[in-house]
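# Report on the structure
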Amino acid sequence: MTTQQPLPPHWRWFPEARFGMFIHWGPYAQYGRGEQVLFREHLDQNEYEQRACTWDPQGFDAVHWAQVAKDAGMKYAVLTTRHHDGYCLWDSKLTDYTSVQQAPKRDFVAEYVEAFRAAGLKVGLYYSLADWRIPAYWNGPSGDPDGWAAFREYVHGQVRELLSHYGKIDVIWFDGAWPQTAPEWHSAELVDMIRSLQPDILINNRLGVDDAAADVPGAAVPSTGRSRNLGDYGTPEHEIKAEDRLWESCQVTTWRLWGYTHGERWRPADVLLDMLVEAAGKGGNLLLNVGPDAAGRLPAEFEDRVAQLGAWLDVHGEAIYGVEAGDVCEFVTYGRQSRKGNNLYLIVRFWDNNGEVNLGGLATKVKRAVLLTTGEEVPFTQTEDHVLIHGLPLTPPTDLFPVIKLECDGPPQPRPWAKERLWQGDPRRMVAWAEARGRGVETIYD
Ligand code: GLC
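Treat the numbers as computed from the prediction; the structure is a model and nothing was measured.

Glancing now at the packing of aromatic side chains. The relative placement of two aromatic rings is captured by the distance of their centres and the angle of their planes. Tallied over the entire structure, the rule returns 30 aromatic pairs. Centroid distance W13 to Y76: 5.4 Å. Interplanar angle 75 degrees. Geometry classified as edge-to-face. Note that W13 is positioned in helix 1 (residues 13-17) and Y76 in strand 2 (residues 76-82), a separation of 63 residues in sequence. Y76 shares its class with W13; the two are buried. Geometrically, the ring pair formed by W25 and F60 is stacked, given 5.0 Å between the ring centres and 15 degrees between the ring planes. On the criterion of sequence distance, the pair formed by W25 in the loop between strand 1 (19-23) and helix 2 (37-40) and F60 in the loop between helix 3 (45-54) and helix 4 (62-71) is long-range, its members being 35 residues apart. Its relative accessible area of 1% is what places W25 among the buried residues.

Here is the structure:
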């Protein structure tokens, strides 16, 4: 379910974009066991800090990262400026635990913002509210009211820095609100400050749950720390689930972890593309993650896969960028759909090599069918219940998903019987169909 409310003009780029790059990078990359190694393995904080302070990633090249994102057909990116370990990739004046004051002597956020902006990409900054180094974070407002107030001021101050010194920022992506609530983080005040600094920015929803008690009395604060009232868009994680506002699914390209991981297993390009198609087809975005290595290089496996997606998008991009939720007809036996204006895009995952695709349930008249993959118009016949597209290549015209564009004489609509999917709706709508089909085998019940 998505609500298509008119969006303010400065946010329209977001549903148009549909595809972005999430970058989890920091000193934790040296361990090669994800971004949460400090906490998950209960490492010694001093040893971790020493290693963080001598971390000097010579291979970091923001211009190359931006080129990879652009060639992948991504339209924006979100970089971890600070993850839960507290190390800052920018020139924060509020701590010396930064890439400028420690070994690299570089402002990685500045380099990233400049390179991505120069490549024509929208720029997002991830910022973790949590900072595992700070006892007051763990103590919370009830355990250490003064310490908590000072820590919260530090957090707000760092957000102010990030949104004051790097020009126009398109997205601020919070995380790590657990275990505190939005009121405890003063998130409403944070949002006001952000809007005054960056009026056009999009703010994600991980600003802390609005009220832990109101969610489930006595229950623990959900770890995602998502606010229902604050923020401009939803952030389903490891799942592609439509929300009734702008939303973006963040997903790993690997098995589980976000930061660089030795020996990670990589999802193949078609699985990644399927996630993009599913998100766009449900009316949302895909923020696809990469964890660059300790030297700052993008893993070759990532570059290889997203280059394949970029090549596919060069040809089939109109079925992804700016599309609306497209689940017009039942199409699960072939693949997925997306929709824009009068066009319905059939994104075929299963090419059965008989030269035909048969779409059931479309009520709108089709004027023209084009196999986007080759650019060729393809013949079709339309009956009351079916559009039979024929004359298709007998072998798949791409290693990824071929796309057939149906140009209709109005916004594509389903037949009344096809409005619901198989396990939805009033089953009696199919009685006539079952009666007609059942006749040939009636005798077995005699
Ligand atoms: C979770 C994880 C965090 C990661 C984030 C990405 O919140 O705790 O490590 O950065 O997901 O969405």
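On inspection of all chains with the given rule, the structure shows 24 salt bridges. Residue R133 pairs with D131 through a salt bridge whose shortest N-O separation is 3.1 Å. Here R133 falls in the partly exposed class, since its relative accessible area comes to 21%. Judged by its relative accessible area of 0%, D131 falls in the buried class. One salt bridge connects R336 with E278, and the closest N-O pair in it is separated by 3.4 Å. Here E278 lies in helix 11 (residues 269-281) and R336 lies in strand 8 (residues 335-340), a separation of 58 residues in the sequence.

With that out of the way, let us pick up the packing of helix 6 (residues 135-143) against helix 7 (residues 145-162). Running from amino to carboxyl end, helix 6 crosses helix 7 at an angle of 120 degrees, the nearest separation of the two axes being 7 Å. Relative to helix 7, the element helix 6 is oriented oblique. As for the relative orientation of helix 6 and helix 7, their crossing is left-handed in sense. Listed contacts from helix 7 to A136, Y137, G140, P141, S142 and G143 of helix 6 are P145, G147, W148 and F151. For the contact of helix 6 with helix 7, the class distribution of residues is six nonpolar, four polar and no charged.

Among the structural elements, E161 can be located in helix 7. Through-space distance from the C-alpha of E161 to that of S92 is 7.0 Å; in sequence the pair is 69 residues apart. Excluding its chain neighbours within four sequence positions, the residues that come into contact with E161 are W90, S92, K93, L94 and Y166.

As a further point, take the site of the ligand. Close contacts around the ligand come from 13 residues, with H24, E35, Q36, H83 and E237 the closest. One of the side-chain nitrogen or oxygen atoms of H84 is found 3.5 Å away from an oxygen atom of the ligand. For the ligand, whose accessible area on its own is 310 Å², the fraction buried by protein is 87%. Of the residues assigned to the shell around the ligand, the class counts are five nonpolar, four polar and four charged.

Let us now look at the domain arrangement of the protein. The domain architecture assigned to the protein consists of domain 1 (9-319) and domain 2 (326-433). Each of domain 1 and domain 2 has a C-alpha centre, and the two are 37 Å apart. Contact residues are listed per partner, giving 13 residues for domain 1 and 17 residues for domain 2. Buried area between domain 1 and domain 2, summed over both chains or domains, comes out near 1,400 Å², and the portion from carbon and sulfur atoms is 59%. Put simply, domain 1 and domain 2 have four salt bridges between them.

Of all five residues making up strand 4 (residues 171-175), five are buried, and the element is well covered by its neighbours. The side-chain alternation of strand 4 yields two buried faces, one formed by V171, W173 and D175 and the other by I172 and F174. When strand 3 (residues 122-128) meets strand 4, the two strands line up parallel, connected through five bridges. Across the sheet, the residue bridging to Y126 is W173, located in strand 4.

Moving on to helix 9 (residues 187-197). By the burial criterion, the buried members of helix 9 are S187, L190, V191, M193 and I194. Projected onto a plane normal to the axis of helix 9, the buried residues spread over an arc of 160 degrees and lie on a single side. Counted as exposed and oriented over 90 degrees from the buried face of helix 9: D192 and S196. Each element contacted by the buried residues of helix 9 is listed here: helix 7, strand 4, helix 8 (182-185) and strand 5 (202-203).

This part covers the side chain of D85. Residue placement: D85 occurs in the loop between strand 2 and helix 5 (108-118). Although buried, D85 forms no salt bridge, and the nearest oppositely charged side chain, R82, lies 6.7 Å from it. Reaching out from D85, the side chain makes a polar contact with the side chain of Y48 at a distance of 2.7 Å. Engagement of the side chain of D85 in a polar contact is seen with the backbone nitrogen of Y87, the distance being 3.2 Å. If we skip the residues at most four places from it in the chain, D85 touches P27, Y28, L38, Y48, Y97, D131, W132 and R133.

How each quantity is defined
Residues numbered from 1 in each chain as written. Predicted model: local features only at pLDDT ≥ 70, side-chain atom pairs only at ≥ 80, totals over all residues. Heavy atoms only, no water. Phe/Tyr/Trp six-rings, centres within 6.5 Å; stacked < 30°, edge-to-face > 60°. Helix = DSSP H or I, 4+ residues; strand = E, 2+ residues; numbered from the N terminus. Buried < 20%, exposed > 50% of the residue type's maximum accessible area, 1.4 Å probe, protein only. Salt bridge = Lys/Arg side-chain N within 4 Å of Asp/Glu carboxyl O. Axes fitted to C-alpha atoms, helices over the stretch in contact; angles between N-to-C directions. Parallel < 35°, antiparallel > 145°, perpendicular 65-115°, else oblique. Left-handed = near helix turned anticlockwise from the far one by under 90°. Contact = heavy atoms within 4.5 Å. Nonpolar A, V, L, I, M, F, W, Y, C, P; charged D, E, K, R; others polar. Near = heavy atom within 4 Å. Polar contact = N/O pair within 3.5 Å; in protein donor to acceptor, adjacent residues only side chain to side chain. Areas by Shrake-Rupley, 256 points an atom, 1.4 Å probe, with all protein chains shown as cover. Domains from an automatic or database assignment. Buried area = accessible area lost by both parts, 1.4 Å probe. Pairing = 2+ DSSP bridges. Arc of directions from axis to C-beta. Lys, Arg positive; Asp, Glu negative; His and termini not counted.

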